[in-house]
Amino acid sequence: MAPQSNDQRLLDRILEDQRSRLAPQQKLDAFFNYFSASVALQDLDLDIDELRDGIVDGAHDCGVDGIWVLVDDRYVSADIDRHTTLRSKKIELVILQAKTSPGYQETAFEKLYYHLPILLDMGRDIGSLAESTNAKLLERTGRFLHVLEALASSFPDVSIRVIYATRSAERPHPNVKAKGNRLAHELGKVSSGTKCAIEYLGAAELRELSGRGAVVVSELVFMDTPMSTSLGEGYVCLSRLDEYYKFITSNNDALRLELFESNVRDYAGRTSINTAIGETLRSSHRDDFWWFNNGVTIVAEEVRIAGKKIVMKDPQIVNGLQTSHEIYNYFQEAGNHYDRCILVRILVPPTSGRSRDSIIRATNSQTELPPGALRATEQIQKDLEESLQRDGYYYERRANYYKNLGFLLDQVVSMSRLSREFTAFVIGEPHSALSCSDSSLLADSHYYKVFSADHDLDLYRLVLDVHVRIGEFLTSYAEDNPLLGDTAENWRFHLAYMSSFTLTRLRRPSHKDLLNINRENLSDDLLEKMTKILEKEYRTALRGSRTEGIDRIARSSSFTDKIRQATIATRHFGILR
């Protein structure tokens with residue numbers, strides 16, 4: 001065995017430090033998938049849920065460890081239609097192959113070369129593929145094909161990015177690169193004009209990317225000395241359009257979505273207002289842009305003036321999302337600043353009190369926001385953050401806050417994750433937990449079923465405890481008993497639903513009944529019995545319709561009804577009718 005290089009030794013130290021801090025229960029191979037994805041895709045501003053959603057490593061993964069679909073730099077989640085209602089400029093498919101081996105191997109590309117053209121063929125036979133492909137990979141490649149077809153009339157740029165990450169100290173051998181180039185050529189046939197790039201990330205590259213990390217301090221170049229306020233800390237200035245474009249984009253010219261707080265990410269597309277902003281940028285070259293636009297509002301933790309720059313710590317653009325997107329689109333199309341400027345207001349609210357949340361609400365009151373946009377400021381969300389932290393969970397009212405602080409991955413809980421897990425265990429709709437989009441889960445009609453001041457806060461902790469326990473069991477169980485579909489995604493929510501009956505022994509348990517549950521009763525023996533019942537129901541459903549596949553079955557309300565009946569009918573559980 002060749003001796004380790006310094007880059008390998010240092011990468012191994014970084015890996016071990018991060019694994020012990022973020023996911024001590026994970027094996028190195030599994031954590032390396034997450035680590036590679038998080039550093040390779042950091043400029044895409046994916047949160048923990050989105051990163052994990054794309055990891056498909058496991059049995060029958062066809063050599064793919066991770067796969068992510070993006071439309072105009074936004075991650076495509078289960079709510080595919082949300083991304084196909086507007087004209088879009090680009091579709092990107094990111095494929096990750098991550099191996100802890102100390103070198104690059106030709107076989108990695110050979111697997112991808114064989115499987116990917118089949119998986120990315122619009123005429124693929126899902127029933128046949130389901131026998132040799134895990135359900136999660138099949139569904140994620142289906143997302144790509146869906147948006148590719150739905151957005152065909154927009155003629156978007158289509159690109160595929162294949163990332164091969166290893167602990168290699170050397171550059172890939174020419175034979176490996178030849179196989180990679182052959183794969184790129186083949187993937188270029190997915191649609192006319194598709195561009196495919198192969199990226200090799202060895203020990204040195206992974207070290208460099210992990211050290212770069214997320215940007216926490218940002219600089220904005222201004223034109224003239226900013227006007228400051230006497231009450232509180234705030235500045236008003238003019239910044240040239242091209243300088244503002246640099247401020248809102250990363251090194252690879254991608255829009256920095258983290259600047260817009262996750263709850264205000266949505267761009268409204270070609271509305272009349274946005275069209276007018278775009279026309280102003282393209283046509284009014286003799287008139288300054290800020291004459292016709294209200295500008296943007298930024299809140300930051302700390303601000304200082306350094307020469308011709310304003311340096312901001314943790315800036316958030318709380319108003320001006322649509323304007324920012326139009327400026328981004330304008331320069332993406334090779335626009336020119338023509339010495340025109342944008343008006344920028346920068347505020348530093350007090351660290352205590354509700355000023356920051358009030359500013360976010362007030363400055364967005366004029367703009368229609370997507371469902372759930374300002375939920376983070378509600379009292380129930382603040383109460384949950386405080387309550388769950390006492391129980392060892394870090395609840396992210398604002399996405400990526402605790403992730404960026406480096407807390408354990410399993411302890412960081414997003415609003416959408418809690419909503420999904422509550423929907424399965426308490427509301428009793430595991431199919432909705434799997435199929436609903438974040439916007440649906442956080443729309444008023446569903447949101448108030450989950451997040452209510454009338455609910456005991458301990459109920460939320462119970463929901464998380466039950467799902468964590470089930471997740472640990474499935475990880476262990478699957479080592480000797482491969483799960484249908486080769487992914488725990490379609491099992492966890494249904495087992496949680498079944499647990500509400502078996503742990504209370506009641507057919508329709510109330511919140512009070514659930515709170516009386518003894519978590520220790522959720523034993524391996526009980527979980528195994530429920531898993532076998534669930535497996536039997538899955539197999540029966542598959543025999544009835546093999547073309548549907550386990551993914552669609554798990555997301556149907558009729559299947560929820562069937563496992564409910566099967567669980568209640570099992571005498572061993574002693575569930576009262």
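Structure's up top.
Here's a quick rundown of the structure.

**Notes on the nonpolar core**
Nonpolar side chains in soluble globular proteins tend to be buried together. One finds Leu418, Phe425, Phe451 and Tyr538 to be the most contacted residues of the largest nonpolar core, which totals 59 residues. The dominant element in this core, judged by the number of residues it contributes, is helix α19 (residues 457–480), at ten residues. For Leu418, the contacting residues outside a window of four places in its chain are Leu384, Leu388, Tyr395, Val413, Phe451, Tyr460 and Leu464. Formed by 36 residues, the second largest nonpolar core is a distinct cluster that contains Ile95, Tyr104, Leu151 and Cys196.

**A closer look at the packing of helix α1 (residues 6–22) against helix α2 (residues 28–40)**
Angle between the axes and distance between the axes are the two parameters that describe a pair of packed helices. Relative orientation of the contacting elements α1 and α2 amounts to 100°, with a least axis distance of 10 Å. Between α1 and α2, the crossing angle belongs to the class labelled roughly perpendicular. On α2, the residues touching Leu11, Ile14, Leu15, Gln18, Arg19 and Leu22 of α1 are Leu28, Phe31, Phe32 and Phe35. Of the residues contributing to the contact of α1 with α2, the split by class is eight nonpolar, one polar and one charged.

**Considerations on the sheet that holds strand β6 (residues 217–221)**
The sheet built from three strands is open, its strands ordered β6-β11-β10 with antiparallel pairing. Two strands close off the open sheet at either side, each with one partner strand: β6 and β10 (302–306). Going from strand to strand, the sheet's axes swing by 25° on average, the running direction of each strand aside. By the bridge criterion, five bridges tie β6 to strand β11 (residues 309–313) in an arrangement that is antiparallel. Bridge pairing links Glu219 to Val311 in β11. Relative to β6, helix α9 (residues 241–248) is tilted by about 170°, and along the sheet it contacts β6 and β11.

**Considering the sheet that holds strand β12 (residues 316–319)**
In spatial order, the strands read β7-β8-β13-β9-β12; together these five strands make up an open sheet with mixed pairing. In the strand order of this sheet, the two ends are held by β7 (227–228) and β12, each with one partner. Bridge count for strand β8 (residues 233–240) against strand β13 (residues 341–348) is eight bridges, and the pairing is antiparallel. Residue Cys237 lies in a different strand from β13, and its bridge partner there is Val344. Along the sheet, α9 contacts β8, β9 (296–299), β12 and β13; its crossing angle with β8, the most-contacted strand, is approximately 115°.

So, how was this worked out
Residues numbered from 1 in each chain as written. Predicted model: local features only at pLDDT ≥ 70, side-chain atom pairs only at ≥ 80, totals over all residues. Heavy atoms only, no water. Core = buried A, V, L, I, M, F, W, Y, C linked by side-chain atoms within 4.5 Å. Buried < 20%, exposed > 50% of the residue type's maximum accessible area, 1.4 Å probe, protein only. Helix = DSSP H or I, 4+ residues; strand = E, 2+ residues; numbered from the N terminus. Contact = heavy atoms within 4.5 Å. Axes fitted to C-alpha atoms, helices over the stretch in contact; angles between N-to-C directions. Parallel < 35°, antiparallel > 145°, perpendicular 65-115°, else oblique. Nonpolar A, V, L, I, M, F, W, Y, C, P; charged D, E, K, R; others polar. Pairing = 2+ DSSP bridges.

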